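Reading the structure
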Amino acid sequence: MSDADFRPRTKTEIKTQRPRLHKVILVNDDYTPREFVVMVLKAEFRMNESQAYRVMLTAHQRGVCVVAVFARDIAETKATRATEMARSQGYPLLFTTEPEE
Ligand code: TYC
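A brief look at the structure comes next. (Residues numbered from 1 in each chain as written. Predicted model: local features only at pLDDT ≥ 70, side-chain atom pairs only at ≥ 80, totals over all residues. Heavy atoms only, no water.)

The subject of this paragraph is the side chain of His22. Its location among the elements puts His22 in strand S1 (residues 21–27). A polar side-chain atom of His22 sits 3.3 Å from the main-chain carbonyl oxygen of Arg20. The contacts of His22, once residues within four sequence positions are left out, are Ala68, Val69, Phe70, Arg72, Ala75, Glu98, Pro99 and Glu100. (Helix = DSSP H or I, 4+ residues; strand = E, 2+ residues; numbered from the N terminus. Polar contact = N/O pair within 3.5 Å; in protein donor to acceptor, adjacent residues only side chain to side chain. Contact = heavy atoms within 4.5 Å.)

Pasting the structure below:
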C-alpha cells in the first residue's frame with residue numbers, strides 16, 4: 001500500500017456569498033414638515049405621491065419606516081443624499097442604513 005492511501009481526503013467547498021442588502025430607514029422627528037418628507041422620498045427614491053405619503057405616515061406613527069433595500073453603497077449614498085437635502089433646508093430629517101439579516 002502506498003503512503004498516498006492514508007492522506008486525509010479534504011474537499012474544499014467554495015461558497016459564493018451574495019453581498020448583503022442594506023435597508024434605508026426613515027426616522028421620524030418633530031420638526032420636518034410632512035410635505036417635505038414626501039418630497040424627499042419622491043426625489044431620491046423614485047416613489048409616487050401615495051407610496052411616499054404612506055412611508056412618511058408610517059415613520060410618523062411608529063418612529064421609523066424601511067424605505068427600500070439596496071446594495072450597501074447605493075443604500076448609503078441615497079441615505080446621505082436624502083439627509084443632506086433636508087440639512088440644506090435646515091430640517092433635522094434623518095435617513096440611516098442597516099444590513100438586512
Ligand atoms: N413628524 C413630522 C411632523 O409631524 C413629520 C415627519 C414624518 C417627519 C416622518 C419625519 O420621518 C419623518 N411634522
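Around the ligand sit Leu26, Val27, Asn28, Asp29, Thr32, Arg34, Val37, Met56, Ala59, His60 and Leu93, and that is every residue in its neighbourhood. A distance of 2.8 Å is found between an oxygen atom of the ligand and a backbone nitrogen or oxygen belonging to Val27. The backbone of Thr32 places a nitrogen or oxygen atom 2.9 Å from a nitrogen atom of the ligand. When the free accessible area of the ligand is taken as 350 Å², the share hidden by the protein chains comes to 88%. Where the shell around the ligand is concerned, the elements lending two or more residues are S1, helix H1 (34–45) and helix H2 (49–62). The greatest single-element share of the shell around the ligand, amounting to three residues, is contributed by H2. Looking at the shell around the ligand, its residues break down into six nonpolar, three polar and two charged. (Near = heavy atom within 4 Å. Areas by Shrake-Rupley, 256 points an atom, 1.4 Å probe, with all protein chains shown as cover. Nonpolar A, V, L, I, M, F, W, Y, C, P; charged D, E, K, R; others polar.)

In short, shape yes, function no, at least from these values alone.
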